[in-house]
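Architecture at a glance
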Amino acid sequence: MITKVTDSVIYVGANDHDVDLFEGQYVVPNGMAYNSYVINDEKIAVMDTIDRKKTDEWLENLEGAFEGRMPDYLVVQHMEPDHSASIAAFVEKYPEATVVANKKTIKMIGQFFPGLEIKSVLEVENGDTLELGSHTLTFVFAPMVHWPEVMMTYESSEKILFSADGFGKFGALDADEDWACEARRYYIGIVGKYGPQVQTVLKKAAGLDIEKICPLHGPILTEDLGYYIHLYDLWSGYVPETEGVCICYTSVYGNTKKAVEILADKLEGAGVPNVVVNDLARADMAECVEDAFRYDTLVLATTTYNGEMFPFMKQFIDHLTERNFQKRRVAFIENGSWGPVAGRMMKKCFEKSKELRFAENDVTILSALNDESMAQLDALAEELVADYVPIDVTDVKLDPTALYKIGYGLYVVTCNDGKKNNGLIVNTVSQVSSNPNRVAVNINKANYSCEVIKNTGVLNVSTLNETAPFQTFEHFGFQSGRNVDKFDKDVFGHWEKSSNGLPYLNRYANAYISLKVFDTVDLGSHIMFLCDITESQVINNVDTMTYTYYQNNVKPKPVEDVKGWVCDICGYIHADEKLPEDFICPLCKHGASDFTYME
């Protein structure tokens, strides 16, 4: 298949509708696409090869794209055989072309093709460039996304990122299907273990002006790139994408299944936004893993079997922990007739998992549901529902215990400029009197929210809790409301409106407080807003996010083998020995003074 990406960039890949299992384990009912590209300029570069099943079709596509010319370069970004298997065929047909690859890739070429003689090889380092004429390729190393040799390539004149397996998906290009569903299953199944490495690449990409993303699987992405990058940021940061409960179970004689069905009915009836139920013995295991990573709560229900948990449940949990399952709430339902141990065994599997909240209410079924286990099921349902049912703001309440959530913590302050909602991160909120209840909020004058609150005199404070991921701080702290809508539901949907019409966070916060300014104090760089409380509500009892907890558990740690300047605020890496005095972090917009050199 030959298709124009631009006037000078040609798609020369192929669809495969004969494959039933990708990588021998992932069901692909709509086939796969193996992508390859040609850049026509004074010099011609081919971006990767293709699976051996489609070698002949690919070579024909190349001839059509070359239009009688000969290629100068073959750029090898990734050595997995679905992209590299046709290297030998290319070298044999075009022996004068130079193979462009990094050191690890060159070694792997020798492993995959022993005895293959390549006349010309160009070994590149991270950040090296290759001039084709009007096109310039810059090589960006992406180790362990998801093999150690992987690199991506940025073409600056047409602002194209050739992203290797990044931003890929299952399904042939002629399949009419939603991108996110199959891209999510592809990412979590294949790349999911390597979230920190993907986060590092996303930070590198943040400094690039990208208009098109050309992956090695799936469609070329040309519109609304922020949507795709946002999802990749969530997936690689292990942040739940959708509010809801995923229930995964095994059942031998139907009693555990009955308990799961009752729980699902209770959750749906109480208004939980999404409830997904998977029978692990019958469902596609990859789809179940995808659901577990998609939703913010996971319920595991299984029987005790040979002194262990049922085999399908053990296999499922292995898939989760292998992919660094974290930052979610997990609940357990066990069944056993004489010695139920499945609950304890399931929980033990997550001992090394990070930032998991275990439900307080476990359920133990002795053979079949009885009054005691039904009461446990009711308690679990009530606990789970509490995180999803919106607070009724039609009846304004003053809950004094909301003030107990205030500490030297981190907060999202929200306001509205008359056109759109806005919010920012602050760390200075304090109760200053109890009769009447009053609160002081300090905001930097440079922040847009400061200007808005001075003009409107109303604001909300959401007290962040320990479940708040780093992406929350990036979203509210590293960009300005002058330029973006921070409460766009497609980008950040975890909010509702209080009775004053302003947003508060209904996720990642344990309380919100609505305030009306009665006086201000000019503190130099900051304005102190002295406020009366008009409304306050406790959302949950998860511990408040303190500044110390954020530094120790949430803020990304620098990559151990990094060499270069690391932003102290957000962790962005400027991989160079020199940092210009006027350098601005592309992520959080802080200056050079907030960077530390790492060797």
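Further up the page is the structure itself.
First things first, this report covers the structure right here in the doc. (Residues numbered from 1 in each chain as written. Predicted model: local features only at pLDDT ≥ 70, side-chain atom pairs only at ≥ 80, totals over all residues. Heavy atoms only, no water.)

1. Remarks on the overall build of the protein chain
Helix and strand counts for the protein chain stand at 15 helices and 35 strands. In terms of C-alpha radius of gyration, the protein chain reaches 27 Å, essentially the compact-globule figure of 25 Å for 599 residues. Its C-alpha atoms put the protein chain at 85 × 70 × 40 Å along the principal axes. Within the protein chain, the fraction of its 599 residues that count as buried is 54%. For the protein chain, long-range pairs separated by at least 24 residues make up 69% of all intrachain contacts whose partners lie at least 6 apart in sequence. When the 53 positive and 88 negative side-chain charges of the protein chain are each reduced to one mean point, those points stand 4 Å apart. (Helix = DSSP H or I, 4+ residues; strand = E, 2+ residues; numbered from the N terminus. Rg over C-alpha atoms; globule rule 2.2 N^0.38 Å. Buried < 20%, exposed > 50% of the residue type's maximum accessible area, 1.4 Å probe, protein only. Contact = heavy atoms within 4.5 Å. Lys, Arg positive; Asp, Glu negative; His and termini not counted. Charge placed at Lys NZ, Arg CZ, Asp CG, Glu CD.)

2. Quick word on the nonpolar core
Burial of nonpolar side chains together is a common tendency in soluble globular proteins. Counting 113 residues, the largest nonpolar core has Leu62, Leu300 and Phe316 as the members making the most contacts within it. Broken down by element, the residue count for this core peaks at eight residues, all from helix α5 (residues 179-191). If we ignore the near neighbours within four places in the chain, the residues touching Leu300 are Cys248, Met313, Phe316, Ile317, Val330, Ala331, Phe332, Ile333, Met346 and Phe350. Counting 23 residues, the second largest nonpolar core, distinct from the first, contains Ala259, Ala359, Ala381 and Val385. (Core = buried A, V, L, I, M, F, W, Y, C linked by side-chain atoms within 4.5 Å.)

3. Notes on the sheet that holds strand β27 (residues 437-444)
The strand order β25-β24-β28-β31-β32-β27-β26 describes an open sheet built from seven strands, whose pairing is antiparallel. Edge strands, defined here as strands with exactly one partner in the open sheet, are β25 (421-426) and β26 (429-434). Taken over all neighbouring pairs, the strand axes of this sheet differ in orientation by 35° on average, direction set aside. Docked against the sheet, helix α13 (residues 448-456) engages β24 (411-416), β25, β27, β28 (458-464), β31 (509-522) and β32 (526-538), running at close to 55° with respect to β24. Along the sheet, helix α14 (residues 470-477) makes contact with β24, β25 and β28, crossing β25 at roughly 120°. (Pairing = 2+ DSSP bridges. Axes fitted to C-alpha atoms, helices over the stretch in contact; angles between N-to-C directions.)

4. Remarks on the side chain of Asp279
Tracing the chain through its elements places Asp279 in strand β18 (residues 275-279). Within polar-contact distance, the side chain of Asp279 engages the side chain of Arg282 at 2.7 Å. (Polar contact = N/O pair within 3.5 Å; in protein donor to acceptor, adjacent residues only side chain to side chain.)

5. A look at the pairing of strand β21 (residues 329-336)
Buried residues dominate β21, accounting for eight of its eight residues. By the alternation rule, side chains of β21 split into Arg329, Ala331, Ile333 and Asn335 and Val330, Phe332, Glu334 and Gly336, which are all buried. Sheet analysis places strand β19 (residues 295-305) next to β21, joined by seven bridges and oriented parallel. Counted as the bridge partner of Ala301 is Ile333 from β21. Bridging between β21 and strand β23 (residues 363-366) involves four bridges; their strand directions are parallel.

6. Section: the side chain of Glu155
In this fold, Glu155 is placed in strand β14 (residues 151-155). Of the side chains with opposite charge, Lys212 comes closest to the buried, unpaired Glu155, at an N-O distance of 9.5 Å. If we ignore the near neighbours within four places in the chain, the residues touching Glu155 are Ser134, His135, Thr136, Leu137, Ile160 and Phe162. (Salt bridge = Lys/Arg side-chain N within 4 Å of Asp/Glu carboxyl O.)

7. Here we look at the sheet that holds strand β35 (residues 595-598)
Spatial ordering of the open sheet is given by β34-β33-β35, a layout of three strands whose pairing is antiparallel. In this open sheet, the two edge strands, each paired with only one partner strand, are β34 (573-574) and β35. Pairing between strand β33 (residues 564-567) and β34: two bridges, direction antiparallel. Within the sheet, the bridge partner assigned to Val566 lies in β34 and is Ile573.

8. Focus: the environment of Ala509
Locating Ala509 in the fold gives a position in strand β31. Sequence separation between Ala509 and Leu523 is 14 residues; the distance between their C-alpha atoms is 28 Å. Not counting residues within four places of it along the chain, the set of residues in contact with Ala509 comprises Ser462, Thr463, Leu464, Asn465, Ile539 and Asn540.

9. So, the packing of helix α8 (residues 255-269) against helix α12 (residues 371-385)
Contact geometry for α8 and α12: axes closest at 10 Å, N-to-C directions at 40°. Between α8 and α12 the crossing geometry is right-handed. Seen from α8, the contacting residues are Ala259, Ile262, Leu263, Lys266 and Leu267; seen from α12, they are Met374, Leu377, Asp378, Leu380, Ala381, Leu384 and Val385. (Left-handed = near helix turned anticlockwise from the far one by under 90°.)

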